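# Overview (structure and organization)
What follows is each chain in one-letter form.
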Amino acid sequence: MITAIYPGSFDPITNGHLDIIQRAATIYDRLVVTVMSNSSKKPIFSLQKRVEFIEKVTGDIPNVTVESYSGLLVDFARQKQAKVIIKGLRAVSDFEYEFQMALMNRKLNNEIETMFLMTQSQYSYLSSSVVKEVAKLGGCIKELVPESIEAEVIQHCNQK
Ligand code: ADP
């Protein structure tokens, strides 16, 4: 049984993230989506809310669970007996950072592999930051985030 973890800040989850989750869930036996709380990014959604959103939109995928973690990713992977860390790649700009992280994680624990899934072209421009910016300025975020969380994302972004 192969367990994979998919880490990120998910502030909030977008359709690009969800696509990676759906695809990874067909490859691995168990996928643990992990909301990391120690990212250098300043989230606008609380950790609980980010977890709740992901649970809501992945509820129909039986081998996906959602957790949060603050600490070293490789330690969490070891705890979960995960062999694989999943990362999504959008553009060349993602590559340098992700390459560095993958090599550092390998140095910290060489029993865990980082596997990259390419974004689908329709999501290649999509990031949580873009969603927040568009929502804040009153633009339409339909098709950028799952429908079931759209209204709450808009409402929250406009309070800020
Ligand atoms: P961001 O704030 O940049 O959206 P996250 O830290 O939440 O990023 O992203 C978690 C993971 O998902 C990272 O591996 C990131 O490269 C990947 N990812 C983010 N958006 C997309 C997308 N639109 N398509 C594919 N992968 C993505």
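You'll find the structure just up there.
### Focus on the sheet that holds strand β1 (residues 3–8)
Spatially, β3-β2-β1-β4-β5 is the arrangement adopted by the 5 strands of the open sheet, whose pairing is parallel. Every interior strand has two partners, whereas the edge strands, β3 (64–69) and β5 (113–118), have only one. Taken pair by pair, the neighbouring strands of this sheet meet at an average axis angle of 30°, ignoring direction. Pairing of β1 with strand β4 (residues 84–89), which is carried by 2 bridges, proceeds in the parallel orientation. Considered in β4, the bridge of I5 is made with I85. On top of the sheet, helix α4 (residues 92–108) reaches β4 and β5; it is set at about 170° to β4, its chief contact.

### Observations concerning the pattern of salt bridges
A pair can form between side chains of opposite charge whenever their charged atoms are brought close. Evaluated as defined, the whole model comprises 9 salt bridges. With a closest N to O distance of 2.7 Å, D11 and K132 form a salt bridge. Taken as a pair, D11 in the loop between β1 and α1 (15–27) and K132 in helix α5 (residues 128–136) lie far apart in primary sequence, 121 residues in all. The pair formed by D11 and K132 is uniform in burial state, with each residue classed as buried. The salt bridge involving R90 is made with D94; its shortest N-O contact spans 3.0 Å. Salt bridges linked by common partners bring K49, E52 and E152 together as one network.

### Here's the deal with the state of the cysteines
Following the criterion strictly, the structure yields 0 disulfides and no others. Its sulfur unpaired, C157 is 13 Å from the next cysteine sulfur, which belongs to C140.

Definitions and cut-offs
- All residue numbers here refer to positions counted from 1 along the written sequence of the relevant chain.
- Whole-chain, interface and lining totals are the exception, using all residues; otherwise, since this is a predicted model, local features are given only for residues with pLDDT of at least 70 and side-chain atom pairs are given and counted only at 80 or more.
- The side-chain numbers reported here are obtained from all heavy atoms of the structure, hydrogens and water having been left aside.
- One requirement defines pairing of two strands: DSSP has to find at least two bridges between them.
- Helical segments are the DSSP runs of H or I of at least four residues, strand segments are the runs of E of at least two, and each set is numbered from the N terminus.
- Fitted lines through C-alpha atoms serve as axes, helices being fitted only where they are in contact, and the angles separating the N-to-C directions of these axes extend from 0 to 180 degrees.
- We call two residues in contact when some of their heavy atoms are within 4.5 Å.
- Any carboxyl oxygen of Asp or Glu within 4 Å of a side-chain nitrogen of Lys or Arg constitutes a salt bridge here.
- The buried label goes to any residue with under 20% of its type's maximum accessible area, the exposed label to any with over 50%, and the partly exposed label to all in between, with areas taken from a 1.4 Å probe on protein chains only.
- When two cysteine sulfur atoms are found within 2.5 Å, that pair is recorded as a disulfide.

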